[in-house]
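Chain and residue survey
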Amino acid sequence: MNYEDMEFFAPGHRACAGCAAPIIVKWVLKISGPKTIVVNATGCLEVFSTPYPHTSWRLPWIHTAFENAAATASGIDAALKAIGKRDDVNIVVFGGDGGTSDIGFQSLSGMAERGHNILYIMYDNEAYMNTGIQRSSSTPFGAWTSTTQVGPSRPLGKEEFKKPIAEIMAAHKIPYVATANPAFLPDFKAKIQKALSIKGPKFIHTISSCTTGWRHDPSKTIEIMRLATETGIFPLWEIENGDFSKIKITYMPKQRKPVEEYLKPQGRFRHLFNEPEKIKEIQKMVDEWWAKFETKS
Amino acid sequence: MKISRGATITEPGSTSLEETGSWRTFRPVIRYEKCIRCMICWNFCPEPAIEKKEGENYPVANPKLIKMPVPVINYNFCKGCGICVNECPTKAIDFIREEK
């Protein structure tokens, strides 16, 4: 059955105007349908969707700490199995980049290793936006955050590289790992659908623009996420059973745009335009990724 | 307010009782005579504050489209982010400052 015209995520939530996370959530739920149990790690999504005494969710929803969203979901999977009701229920986990790449990584890795039938979706806004834009391991190279300040002695912002979380999850050899971008909606929907049709642990990494932390106009949310893929910074791909040699790149830009087009509209990268060498370095990183994987696809 | 045991929330989707339309500084207004009913604004509305409605009573850009559903903005919830204005392929949505 098609639930596209139903809304399982109610309006009235407190997300900033222009936040991409509710777009991701509404589309995942439209595809997974009413027989879904949602597990939500602490993060922006949990905070803005459940301002006590209200909730935006029209589905069973459980909030867990940062560390244990995947462990809680594993428990739900095991419990449903024990009472013989596992068959047609989707278990979907939403975690931010902090709750996935950083704090919740051990439970996620355990869930993947034990082979639970769960779809884990990481909405990646590339910092701890809910507590005030502190860096995470998913913050990209060069970005300003409130804990990677920019000044005369620190011209760069974050000096370390973004953790390749989807590639790390693919290395767990789980049945399905993909990156997705809501700006490319047909591809996004197809990936959610495909993931839900596969048994076992699945991981989808979606980019999620944050107007507050990325410092851009709220109306540009989709446009900037689209540029992330068109410049090749956030490539869209899927890997099945951890087989990197059969990586499938699902959106192949005819001509990748220069990374400046993605960096320019975002205030968090503004200082980089005084350091053209660093922009070249980002471009080089992107080109290297594509050189490595483009031929395989 | 009565607090339930474990502070559980029992009514699903109850944030819809709390209207966020007052956050708005700019109001998106759909010009239906330019709207091709592609529903891209409905796809990308983060609230979601754009509803799909029967389209027969709305002005139409092309008579062939009259049977298609139309997007209708619910101003009780629209926060005025302007994603719909930015993404509309026919520029059919105006963005007007709220003034009293």
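Above this text you will find the structure in question.
Residues numbered from 1 in each chain as written. Chains lettered and ligands numbered in written order. Predicted model: local features only at pLDDT ≥ 70, side-chain atom pairs only at ≥ 80, totals over all residues. Heavy atoms only, no water.

1. Considerations on the side chain of Arg37 of chain B
All names here are of chain B. Structurally, Arg37 can be placed in the loop between strand 1 (26-30) and helix 1 (40-44). Among buried charged residues, Arg37 stands out as having no salt bridge; its nearest opposite-charge side chain is Glu56, 8.0 Å away. There is a polar contact of 3.3 Å between the side chain of Arg37 and the backbone oxygen of Ile66. Apart from the residues lying within four places of it in its own chain, the contact partners of Arg37 are Gly55, Tyr58, Pro59, Val60, Leu65, Ile66, Met68, Pro69 and Val70. (Helix = DSSP H or I, 4+ residues; strand = E, 2+ residues; numbered from the N terminus. Buried < 20%, exposed > 50% of the residue type's maximum accessible area, 1.4 Å probe, protein only. Lys, Arg positive; Asp, Glu negative; His and termini not counted. Salt bridge = Lys/Arg side-chain N within 4 Å of Asp/Glu carboxyl O. Polar contact = N/O pair within 3.5 Å; in protein donor to acceptor, adjacent residues only side chain to side chain. Contact = heavy atoms within 4.5 Å.)

2. Re the interface of chain A and chain B
Facing 38 residues of chain A, the contacting portion of chain B comprises 30 residues. Buried area between chain A and chain B, summed over both chains or domains, comes out near 2800 Å², and the portion from carbon and sulfur atoms is 59%. A salt bridge links Asp5 of chain A to Lys52 of chain B; the nearest nitrogen and oxygen atoms lie 2.8 Å apart. Our enumeration of links across chain A and chain B arrives at 24 residue pairs in polar contact (both at pLDDT 80 or more). For the side of chain A that touches chain B, the secondary structure elements donating two or more residues are helix 1 (21-32) and helix 8 (221-230) of chain A. Classifying every residue of the side of chain A that touches chain B by side-chain character gives 19 nonpolar, nine polar and 10 charged. (Buried area = accessible area lost by both parts, 1.4 Å probe. Nonpolar A, V, L, I, M, F, W, Y, C, P; charged D, E, K, R; others polar.)

3. Description of the packing of aromatic side chains
The full count for this structure, using the stated rule, is 15 aromatic pairs over all chains. For the ring pair Trp57 of chain A and Phe94 of chain A, a centre distance of 6.1 Å and an interplane angle of 45 degrees mean the geometry is tilted. Here the residue Trp57 of chain A occupies a position in the loop between helix 2 (44-49) and strand 2 (61-63), and Phe94 of chain A occupies one in strand 3 (residues 90-96), the gap between them amounting to 37 residues. Take Trp57 of chain A and Phe94 of chain A: they sit in the same class, and that class is buried. Plain terms: the ring middles of Trp289 of chain A and Trp290 of chain A are 5.4 Å apart, the flat faces sit at 70 degrees to each other, and that makes the pair edge-to-face. The exposure class of Trp289 of chain A is buried, given its relative accessible area of 16%. Cluster of aromatic residues (ring-pair linked, three or more members): Phe9, Trp57, Trp61 and Phe94 of chain A. Between Lys30 of chain A and the ring centre of Trp27 of chain A, over which it is positioned, the NZ or CZ distance is 5.3 Å. Between Lys52 of chain B and the ring centre of Trp42 of chain B, over which it is positioned, the NZ or CZ distance is 4.2 Å. (Phe/Tyr/Trp six-rings, centres within 6.5 Å; stacked < 30°, edge-to-face > 60°. Lys NZ or Arg CZ within 6 Å of the ring centre and 35° of its normal.)

4. Some thoughts on the packing of helix 3 (residues 69-82) of chain A against helix 5 (residues 105-114) of chain A
Residue and element names in this part refer to chain A. Following both chains from N to C, one finds helix 3 and helix 5 inclined at 35 degrees, their axes separated by 7 Å at the closest point. Contacts from Ala69, Ala70, Ala71 and Ser74 in helix 3 reach Ser107, Leu108, Met111 and Arg114 in helix 5. The residue inventory of the contact of helix 3 with helix 5, partitioned by class, reads five nonpolar, two polar and one charged. (Axes fitted to C-alpha atoms, helices over the stretch in contact; angles between N-to-C directions.)

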